[in-house]
Amino acid sequence: MTLSNSISSIFGVSPIKPIQNHMAEVIKCVSKLEDFLNATFADDWVTAAEVFDQISADEQSADKLKKQFRMHMPKSLFMPVSRGDLLSIITQQDNIANLTKDICGIILGRQMAIPKALHADFIGFVGSSTVTCEKAHGAINELDELLETGFAGSEVKFVQKLIRELAAQEQKVDKKELKLRKKLFNLEADLPPVNVIFMYNIIDQIGALADTAEMIGNQVELLLAK
Amino acid sequence: MEFFTEYGTILILLAACCGFFMAWGVGANDVANAMGTSVGSKALTIKQAIMIAMVFEFAGAYLAGGEVTSTIRKGIVDSAIFQDRPEDLVFGMLSALLAAGSWLAIASFKGWPVSTTHSIVGAIVGFAAVGVSPDAVNWGKVGTIVMSWLVSPIMAGTLSFLLFRSVQHLILLQEDPFEKAKRYIPIYMFFVGFLIAMVTLLKGLKHVFKDNGMTLTFLDSAMIASVVGVLVAILGSYLLTRVKRDLSLEANNRFANVERVFAVLMIFTACSMAFAHGSNDVANAVGPLAAVVSIVASGGDITANTSMPPWILLLGGGGIVVGLATYGYKVMGTIGRKITELTPSRGFAAELGAAATVVIASGTGLPISTTHTLVGAVLGVGLARGIGAIDLRMVGSIFLSWLVTLPAGAGLSIMFFFMFKASFGL
């Protein structure tokens, strides 16, 4: 006897937990970026390659979660938040993992030596960017509490505060990026031009990590709008 | 009539078997729909849910099931037409029971979402309109019943929406939801006690009071029901004091403890749901049986105003309990495992909204679908942005199922009707 004539069939899987699990995986990925850079700064390419493998694995498992999430999001679902918003959130989240992997891939592939004078600024810049992603994770982690309250009241204000902090953090990252670019500009005449181009490229992408995190915050804010 | 003296016993036995089978089906399958939300939200274990269902389904059937039973028994068909052919009504009711029973069996086997109520109403209308004559159907009453199928989910949805909104404002959106939950939840418990007591007093015990020469005005009933409500709230408050805040649970979700408080409330709403379900759905099984028994007992006099013998409702309630005990627990487990997204704070709003709607329908004698009503209630909570995801495609197929069920029940019942007539040589 099958049981599809039951009330249980009308409940879809809530999108909240899967989107949080995906973000957790993405954060696992991006949080290894600092370890990776430290290894390359120490000229330890074996460790760097190991960390890169871990990052790749995390990126892949995030990718799998993303695909599963999309599979479970038929158009017939009636949710407290828009399906389009959720799908673009998970795309942005996945972009963070992709960017992380690309950044490490380029550095590892070219065995890119970043000038010692830039090391401290670089690590600071990457650290801030990672923190921005973690703040986006914090906002995503509030989604279950938002659902519990029915997207209303003090919980909404709390999440709005988190999103403001996220935006402020992104601006800090922007400032650090500007500073780092200026320092690199002062050194670039003495460096091989191709390397310099790729270094700018890497800086761009690390900045993009924070931008993407901020976009996730903006999307969460859209969920709050009635 | 000699026909009834000759075949009376066998006809009643046949009807009792079919009625018991239907009641068994309601217990095995339907009750799980009504109680699954409580099991799914982990407010109750399967064992507890079964115990509550057994007691309150039975109480609902026995105390408040009379009105709907009488609608099924004599409201849908026009008795006057059968005045000089009572055997047709007996065969018809037997066919309706058999048709609804077999249709439900087929549907369960195929996994189609169908309702007992729609099957039996379709079956009765079928044999009367085609087997006898279109005039044999009380179309006005049938119209009201069909209207109630549209209205009940909307009403339950509205009630549940408002209930959940009130919970949001009183509890969830406050600074200290745990304390607020403990303070306000007894009010909802009061409503549960009041609702059950009121329907029981107004409908179920009417005949008992009449026999004892007692009369209660509406106001008297409301007073007594309020007292019952207060007693229920006091019992609930005592149970609530035993819920202690466990901060370690709040690491992942700050509302974990609030939900534990709501879980206590859900025990009460589960009782009301089982009571409501018993009061409405048992009639589907025992209504036709009651018709057969009264005609046979009066020797074919349809208009004789015989009151329904109590053993009929007992048989219906008993059938449900047996259905629960033999198969229902399995179904409830499966459904409970699937409903994991409904937390107690939502599950209670859906259950109470649905239970109130069903109980009111029972009081007015309208046979409605408990499952449809509950689906409407869940949608109401969903509209208040309270539920993660509801699959509208499934909702649609559940709501549309009655469009198929009505002609299917009718067709089967027409077939059985002519088979019965032929086999009894009439």
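Just to check I follow, could you spell out the overall build of chain B for this structure?
Looking only at helices and strands, one finds 14 helices and one strand in chain B. Along the three orthogonal principal directions, the C-alpha set of chain B runs to about 75 × 50 × 35 Å. Residue burial in chain B is summarised as follows: out of 426 residues, 61% are buried. A sequence separation of at least 24 residues applies to 88% of the contacts in chain B between residues at least 6 apart.

Explain the overall build of chain A to me, please; I cannot follow it from the model alone.
When its secondary structure is counted, chain A shows eight helices and one strand. Counted from the first residue to the last, chain A has its helices and strands arranged as α-α-α-β-α-α-α-α-α. Overall size of chain A, expressed as C-alpha extent along the three principal axes, is 75 × 40 × 20 Å. When the 226 residues of chain A are sorted by exposure, 42% land in the buried category. Taking the intrachain contacts of chain A between residues at least 6 apart in sequence as the baseline, contacts between residues at least 24 apart amount to 86%.

Explain the confidence of the model for chain A to me, please; I cannot follow it from the model alone.
Atomic detail in the predicted coordinates should be set aside for any region of low pLDDT. Overall, the predicted model of chain A reaches an average pLDDT of 93, with 97% of residues at or above 70. The least confident element of chain A is helix α6 (residues 143-149) of chain A, whose mean pLDDT is 91; the most confident is helix α5 (residues 119-141) of chain A, at 96.

I keep staring at the interface of chain A and chain B and nothing clicks. Help me out?
By a widely used convention, the size of an interface equals the accessible area lost when the partners come together. In this assembly, 31 residues from chain A lie in contact with 41 residues from chain B. For the side of chain A that touches chain B, the secondary-structure elements that each account for two or more residues are β1 (77-78) and α6 of chain A. Of the residues forming the side of chain A that touches chain B, the biggest block, five residues, is contributed by α6(A). When the residues that make up the side of chain A that touches chain B are grouped by side-chain class, the tally is 15 nonpolar, 13 polar and three charged. As judged from the two bridges shared by β1(A) and strand β1 (residues 390-391) of chain B, these two strands associate in the antiparallel manner.

Would you explain the packing of helix α12 (residues 344-364) of chain B against helix α13 (residues 370-383) of chain B in this entry?
When two helices pack together, you describe them by how their axes are tilted relative to each other and by the distance separating the axes. Residues and elements named next belong to chain B. The contact between α12 and α13 brings their axes to 8 Å, and the two run at 135°. The pairing of α12 with α13 is recorded here as oblique in orientation. For the pair α12 and α13, the crossing hand works out as right-handed. Contact with α12, carried on its side by Arg346, Ala349, Ala350, Gly353, Ala354, Thr357 and Val358, involves Thr370, Thr373, Leu374, Ala377, Val378, Gly380 and Val381 of α13 and no other residues of that element.

What am I meant to see in the nonpolar core here?
Here is a general trend for soluble globular proteins: nonpolar side chains tend to be buried in one another's company. Residue and element names in this part refer to chain B. Met35 and Val292 are the most contacted members of the largest nonpolar core, which has 219 residues in total. Broken down by element, this core gets its largest block of residues, 26 residues, from helix α10 (residues 256-297). Met35 has contacts with Ala49, Ala53, Ala270, Met273, Ala274 and Met332, leaving out every residue within four places of it along the chain.

Just to check I follow, could you spell out the environment of B:Gly236 for this structure?
All names here are of chain B. Tracing the sequence through the fold places Gly236 in helix α9 (residues 218-241). Residue Gly236 is classed as buried on the basis of its C-beta count, with 22 C-beta atoms lying within 10 Å. On a C-alpha basis, the gap between Gly236 and Met332 in space is 25 Å, while along the polypeptide they are 96 residues apart.

Any chance you could explain the packing of helix α6 (residues 139-172) of chain B against α13(B) here in plain terms?
Residue and element names in this part refer to chain B. It is at 7 Å that the axes of α6 and α13 come closest, and there the two elements cross at 40°. Considering the relative orientation of α6 and α13, their crossing is right-handed. For the pair formed by α6 and α13, the contact residues are Trp149, Ser152, Pro153, Ile154, Ala156, Gly157, Thr158, Ser160, Phe161 and Phe164 on the first element and His372, Thr373, Val375, Gly376, Ala377, Leu379, Gly380, Val381 and Leu383 on the second.

When you look at α6(B) in this model, what are you seeing that I'm missing?
Each turn of an α-helix holds 3.6 residues, which means side chains three or four residues apart point in the same direction. Its 34 residues place the ends of α6(B) 47 Å apart at the C-alpha level, agreeing with the 50 Å of an ideal helix rising 1.5 Å per residue. The sharpest bend along α6(B) reaches about 30° and sits at B:Val151, with the proline B:Pro153 one to four residues further on.

Help me out: how do you make sense of unusual backbone geometry in this one?
Glycine aside, residues mostly have negative phi angles, and peptide bonds mostly take the trans form. Residue and element names in this part refer to chain A. A positive phi is found at Asp43, a non-glycine position, where the angle reads about 60°. Tracing the backbone through its elements, the reader meets Asp43 in the loop between α2 (33-41) and α3 (45-71). With 9 C-beta atoms packed within 10 Å, Asp43 lands in the exposed category.

Whenever I open this one, the confidence of the model for chain B confuses me. Can you help?
Confidence in the prediction for chain B averages 88 pLDDT; 98% of positions are at 70 or higher. Scoring the predicted complex yields pTM 0.89 and, for the interface, ipTM 0.85.

Mind showing me how you'd approach the environment of A:Leu146 here?
Residue and element names in this part refer to chain A. For Leu146, the position within the fold is in helix α6. Judged by local crowding, Leu146 falls into the buried class, with 23 C-beta atoms found within 10 Å. For the pair Leu146 and Pro80, spaced 66 residues apart in sequence, the C-alpha to C-alpha distance is 10 Å. Aside from chain neighbours lying at most four places away, what touches Leu146 is Phe151, Glu155 and Val159.

What counts and what doesn't
- Residues numbered from 1 in each chain as written.
- Chains lettered and ligands numbered in written order.
- Predicted model: local features only at pLDDT ≥ 70, side-chain atom pairs only at ≥ 80, totals over all residues.
- Helix = DSSP H or I, 4+ residues; strand = E, 2+ residues; numbered from the N terminus.
- Buried ≥ 20, exposed ≤ 12 C-beta atoms within 10 Å, placed from the backbone.
- Contact = placed C-beta atoms within 7 Å.
- pLDDT = per-residue confidence, 0-100.
- Nonpolar A, V, L, I, M, F, W, Y, C, P; charged D, E, K, R; others polar.
- Pairing = 2+ DSSP bridges.
- Axes fitted to C-alpha atoms, helices over the stretch in contact; angles between N-to-C directions.
- Parallel < 35°, antiparallel > 145°, perpendicular 65-115°, else oblique.
- Left-handed = near helix turned anticlockwise from the far one by under 90°.
- Core = buried A, V, L, I, M, F, W, Y, C linked by C-beta atoms within 7 Å.
- Expected span 1.5 Å × (residues − 1).
- Bend = angle between axes of the 7 residues up to and from the residue.

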